[in-house]
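# Commentary on secondary and tertiary structure
Here are the chains, one letter per residue:
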Amino acid sequence: MAKDEQQILDDVTSSDYKYGFVTDIETEFAPKGLTVDTVRFISAKKEEPKWLLEFRLRAFERWQTMEQPNWAHLKIPEIDFQDIIYYAAPKKKKELESLNEVDPELLDTFNKLGISLEEQKMLSGVAVDAVIDSVSVKTTFSDTLSKLGIVFMSFSEAVKEHPDLVKKYLGKAVPSGDNYFSTLNDAVFSDGSFCYIPKGVRCPVELSTYFRINAANTGQFERTLIVADEGAYVSYLEGCTAPQRDENQLHAAVVEIITMKDAEVKYSTVQNWYPGNKEGKGGIFNFVTKRGICKGDHSKISWTQVETGSAITWKYPSCVLAGDNSVGEFYSVAVTNNYQQADTGSKMIHLGKNTKSTIISKGISAGKSHNSYRGLVKMAKNATNSRNFSQCDSLLLGDKCGAHTFPYIDGQNSSSVIEHEATTSKISEDQLFYCQQRGISQESAVGLIVNGYAKEVLKQLPMEFAVEAQKLLSISLEGSVG
Amino acid sequence: MLLNIKNLHVSIHGKEILKGVNLEVKKGEVHAIMGPNGTGKSTLAAAVAGKDGYEVTKGEILYNGKEIMDLAPEVRAQEGIFLGFQYPVEIPGVSITNFMRTAINEIRKYHGQEAMTAGEFLKKMNEKQKLVEIHSKLKNRSVNEGFSGGEKKKNEIFQMAMLEPQLAILDETDSGLDIDALKIVANGVNKLKTKDNATIVITHYQRLLDYIVPDYVHILFDGKIVMTGGKELALELEEKGYEWIKERVNS
């Protein structure tokens, strides 16, 4: 080969892949499959800086050496990682003319959930009237926030506009290599939210992905990073009660939260991804890594989740209580019906002194489903005078479902107090008859009783979510009794 | 006629408990049903209310002239039948307010009426609480959770006051009550009496009938009503005991 040609080749292969590589990046989709080129493609498409590309590449390399864990109480069909498209440009959903074109079953669910007509239109991809000026709503909203110095935007936008902030905190709660799915996310994450609350600021509104300025579809490898600086407060809502379908089966999101001294973040999730049909076919795999670091003293992170969807749910929103006197909380209602499976719970890692954690987990199993609670409470050697209270309750509807509990306790100092309570119950026929004898139909009775059971968790949710969540619980259990 | 039970035979798990019960209850009446343990008193109540597992093998139950055997329990309730349970269950996490509101609104829906507004409902709750002399802190407690036996029974009467049934069957409402609670419960029942509704009181003891005075007393023995009389019958039974009944029946 001529020296010049060699030089050209060297130049091309060794330089930064600033704008992509062999494949034409103007296309909407990355080619199917996952190779190092796919990772570069994604990064180039998003016009990411070098440090972020390197973050992805290191993660990809690491991921290739890892194996999918198999210790969960879950039957997971084999996932072909090469049969997934890892990048799709923000979807332009075909706009429908009116609600009449929408799947009537979907509309029925919307109505049961009490979702307003305008919102139904938005959720189904129907063109929204000019009357609802969604642009101006968002503009007013983001004005309010920026006046306070609050940063709330899509992750991709944040990388461009606040690269220093993102770089400083990315991977601090969930370090690269933490687990198989989070590491995959590190390599191929699509988009998500970034939120930064400056010192002493209390965010005046509940932040929600619904109002996110760049409301592109969330994608399968969502990445969210929330940072609350000293004395700050924010309440963040993720998800919605409306059933969401997606052609992508694997959802492996990562959510990181970091709180500085005296700060507090409240993170609420309502998850109702498509759970598969009554025979257990199809449905989303929701494998999520969520972790918060209470970095500063007296800081607090609380996770509240209502999980009713997905074929398989595998997640342990956790807190590392590093700062002294910091507090971690986990409130969860997980419902499984038909053939759904869930293995969920929390990890509370106490590192600082006088730290406190609370875990309240309510599992509800129906149909032929299996619902597992898995928790870890760890009191490190220096976490003196720390306390944990855990309560995990299981409610079984019918006799073909399963509820399982796997609590782990690791106490490494003698001044900490760890309390654990567990109950297993079922809705008795007597309770149902009592309700029926008062004129309440059996379906309503189950809804009533289940909501009563989950009350302690539901009351942690911001109000609008709580009302929808109650309805959602009833709907998820339709047909489960009798 | 409000309730007409004709030759009712009821079995539980294949074992026949009621062996041909006849009973007629008209509007405005109070009937007492007495009898030894295991004779079928609660079975009768459960069968009328429509509890699962109580199989009607023969006979009819007519309510307002309509056969109700094929109606689901909630429909019978929506039609106006109320059962005051002997052992009311607990429903943790479900407040009495929420419970009653759900019940009332489902009943109203059945009758084509609109649901009650929150204001109307709370007003009714306060009114009825006063009527049956129930503690005002009741509202936010879970149904029967942590209630003493007496409180549970009072709660049954409170629910009766809220739902305003046409036919109330009170299954041993007096068991476990001290004399003061008994008076309160009886008082409540009496205040709810109208010429359009009727009450069936199932009891062991004559004492309750001093306060809820019956028009008719029936003695249920070995799955059948073997004797019917006025309120004096209860006094006679108290004096002579169930042996007297056995002799009368066997002769």
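Residues numbered from 1 in each chain as written. Chains lettered and ligands numbered in written order. Predicted model: local features only at pLDDT ≥ 70, side-chain atom pairs only at ≥ 80, totals over all residues.

A count of helices and strands for chain A gives 12 helices and 19 strands. Across the 482 residues of chain A, 48% fall into the buried class. Taking contacts inside chain A between residues at least 6 apart in sequence as the whole, the part at least 24 apart equals 83%. (Helix = DSSP H or I, 4+ residues; strand = E, 2+ residues; numbered from the N terminus. Buried ≥ 20, exposed ≤ 12 C-beta atoms within 10 Å, placed from the backbone. Contact = placed C-beta atoms within 7 Å.)

So, about the overall build of chain B. When you go through chain B residue by residue, the secondary structure sums to nine helices and 12 strands. Here the C-alpha radius of gyration of chain B, 18 Å, is about what a compact globule of 251 residues would show, namely 18 Å. Expressed along its principal axes, the backbone C-alpha trace of chain B runs to roughly 60 × 40 × 35 Å. Counting all 251 residues of chain B, 41% fall into the buried class. Long-range contacts, defined as pairs at least 24 residues apart, comprise 71% of the intrachain contacts of chain B with a sequence gap of at least 6. (Rg over C-alpha atoms; globule rule 2.2 N^0.38 Å.)

Moving on, we come to the sheet that holds strand 3 (residues 207-208) of chain A. Residues and elements named next belong to chain A. Pairing is parallel in the open sheet, where eight strands are placed in the order 3-5-8-10-13-15-17-19. Each having just a single partner strand, strand 3 and strand 19 (417-426) make up the two edges of the open sheet. In this sheet, strand 19 lies alongside strand 17 (residues 387-396) in parallel orientation, the contact comprising 10 bridges. By the bridge assignment for strand 19, S390 is matched with H420. Across the face of the sheet, helix 11 (residues 442-458) comes into contact with strand 10 (300-307), strand 13 (327-336), strand 15 (356-365) and strand 17 while running at roughly 155° to strand 15. (Pairing = 2+ DSSP bridges. Axes fitted to C-alpha atoms, helices over the stretch in contact; angles between N-to-C directions.)

Here we take up the packing of helix 5 (residues 149-163) of chain B against helix 6 (residues 179-192) of chain B. Residues and elements named next belong to chain B. Two numbers describe how helix 5 lies on helix 6: the axes approach to 10 Å, and their chain directions differ by 10°. Judged by the inter-axis angle, helix 5 sits roughly parallel to helix 6. For the pair helix 5 and helix 6, contact is made by G150, K153, K154, I157, M160 and A161 and by A181, I184, V185, G188, V189 and L192, respectively. When the residues that make up the contact of helix 5 with helix 6 are grouped by side-chain class, the tally is eight nonpolar, two polar and two charged. (Parallel < 35°, antiparallel > 145°, perpendicular 65-115°, else oblique. Nonpolar A, V, L, I, M, F, W, Y, C, P; charged D, E, K, R; others polar.)

This next bit is on the confidence of the model for chain B. For chain B, per-residue confidence averages 92 on the pLDDT scale, and residues scoring 70 or more make up 100% of the total. The ipTM, which scores confidence in the relative placement of chains, is 0.95 for this predicted complex, and the corresponding pTM is 0.81. (pLDDT = per-residue confidence, 0-100.)

Turning our attention to the interface of chain B and chain A. With 21 residues of chain B at the contact, the number on the chain A side is 18 residues. Residue assignment for the side of chain B that touches chain A shows that the elements contributing at least two residues are helix 2 (73-78), strand 7 (91-95), helix 3 (96-110) and helix 5 of chain B. Classifying every residue of the side of chain B that touches chain A gives 12 nonpolar, five polar and four charged.

What follows concerns the sheet that holds strand 1 (residues 3-12) of chain B. Paired through their backbone hydrogen bonds, the strands of a sheet run either parallel or antiparallel. Residues and elements named next belong to chain B. Strand order in the open sheet made by the four strands is 2-1-4-5, with antiparallel pairing throughout. One side of each edge strand has no neighbouring strand; the edge strands of this open sheet are strand 2 (15-25) and strand 5 (66-67). Taken together, the eight bridges between strand 1 and strand 2 define a ladder with antiparallel strand orientation. Each bridged residue has a counterpart across the sheet, and for S11 the counterpart in strand 2 is E16.

Let us look at the pairing of strand 13 of chain A. On any regular strand, side chains alternate: one points to one face of the sheet, the next to the other face. Residue and element names in this part refer to chain A. Extensive coverage of strand 13 is indicated by the burial of 10 of its 10 residues. Residues V327, E329, Y331, V333 and V335 point to one face of strand 13 and G328, F330, S332, A334 and T336 to the other, with burial holding for every one of them. Pairing analysis gives 10 bridges linking strand 13 to strand 15, with the strands arranged parallel. From the neighbouring strand, F330 faces strand 15, where its bridge partner is I359.

All names here are of chain A. Counting all residues, the mean pLDDT for chain A is 83, and 80% of those residues have values of 70 or more. The model gives residues 10-26 a pLDDT under 50, and that stretch makes 15 contacts with residues more than four places away or in other chains. In this model, residues 210-219 is a region of pLDDT below 50 whose contacts with residues beyond four sequence positions or in other chains number 19 contacts.

This brings us to the pairing of strand 2 (residues 193-197) of chain A. All names here are of chain A. Counting buried residues along strand 2, five of its five residues qualify, which places the element largely inside the surrounding structure. Burial along strand 2 is two-sided: the face carrying S193, C195 and I197 and the face carrying F194 and Y196 are both buried. Note: strand 2 against strand 4 (residues 223-228), four bridges, orientation parallel. Within strand 4, the residue paired with Y196 across the bridge is V227.

On to the packing of helix 11 of chain A against helix 12 (residues 463-476) of chain A. When two helices pack together, you describe them by how their axes are tilted relative to each other and by the distance separating the axes. All names here are of chain A. Relative to each other, helix 11 and helix 12 sit at 140°, their axes nearing to 9 Å. Taken together, the axes of helix 11 and helix 12 are oblique relative to one another. Handedness of the helix 11/helix 12 crossing: right-handed. Here G447, V450, N451, A454 and L458 of helix 11 lie close against helix 12, whose contacting residues are A466, A469, Q470, L473 and S474. (Left-handed = near helix turned anticlockwise from the far one by under 90°.)

Let us now look at helix 3 (residues 50-64) of chain A. Residue and element names in this part refer to chain A. An ideal rise of 1.5 Å per residue puts 21 Å on 15 residues; helix 3 measures up with 21 Å between its terminal C-alpha atoms. If you check which residues of helix 3 are buried, you get F55, R56, A59, F60 and W63. Taken around the axis of helix 3, the buried residues stretch over an arc of 130°, which confines them to a single face. Turned more than 90 degrees from where helix 3 packs its buried face, K50 and Q64 sit exposed. Buried residues belonging to helix 3 abut helix 2 (36-45) and helix 9 (180-188). (Expected span 1.5 Å × (residues − 1). Arc of directions from axis to C-beta.)

Quick look at the environment of B:K6 now. All names here are of chain B. Within the fold, K6 resides in strand 1. Taking the C-alpha atoms as reference points, K6 and L23, 17 residues apart in sequence, are found 6.8 Å from one another. Non-local contacts of K6, meaning those with residues more than four positions away in its chain, are made with N22, G59 and E60.

Another aspect to go through is the environment of A:I257. Residues and elements named next belong to chain A. As for its position among the elements, I257 is in strand 7 (residues 254-259). Given 30 C-beta atoms within 10 Å, I257 falls into the buried group. Here the alpha-carbon distance between I257 and D83, two residues 174 residues apart in the chain, equals 31 Å. Discounting chain neighbours no more than four positions away, the residues touching I257 are A173, I226, V265, Y267, G292 and I301.

Quick look at unusual backbone geometry now. The residue A:D262 is not glycine, and still its phi comes out positive at about 60°. Looking at the element boundaries, A:D262 is found in the loop between strand 7 and strand 8 (264-271). Looking at A:D262, the number of C-beta atoms within 10 Å reads 21, which means it is buried. A positive phi angle, close to 50°, is found at B:D222, a residue other than glycine. Summarising the element assignment, B:D222 is placed in the loop between strand 11 (216-221) and strand 12 (224-229).

Looking now at the environment of A:Y408. Residue and element names in this part refer to chain A. Its place among the elements puts Y408 in strand 18 (residues 402-411). According to the C-beta neighbour criterion, Y408 is exposed, with 11 such atoms within 10 Å. Distance from Y408 to L376, taken between C-alpha atoms, is 4.6 Å for residues 32 residues apart in sequence.

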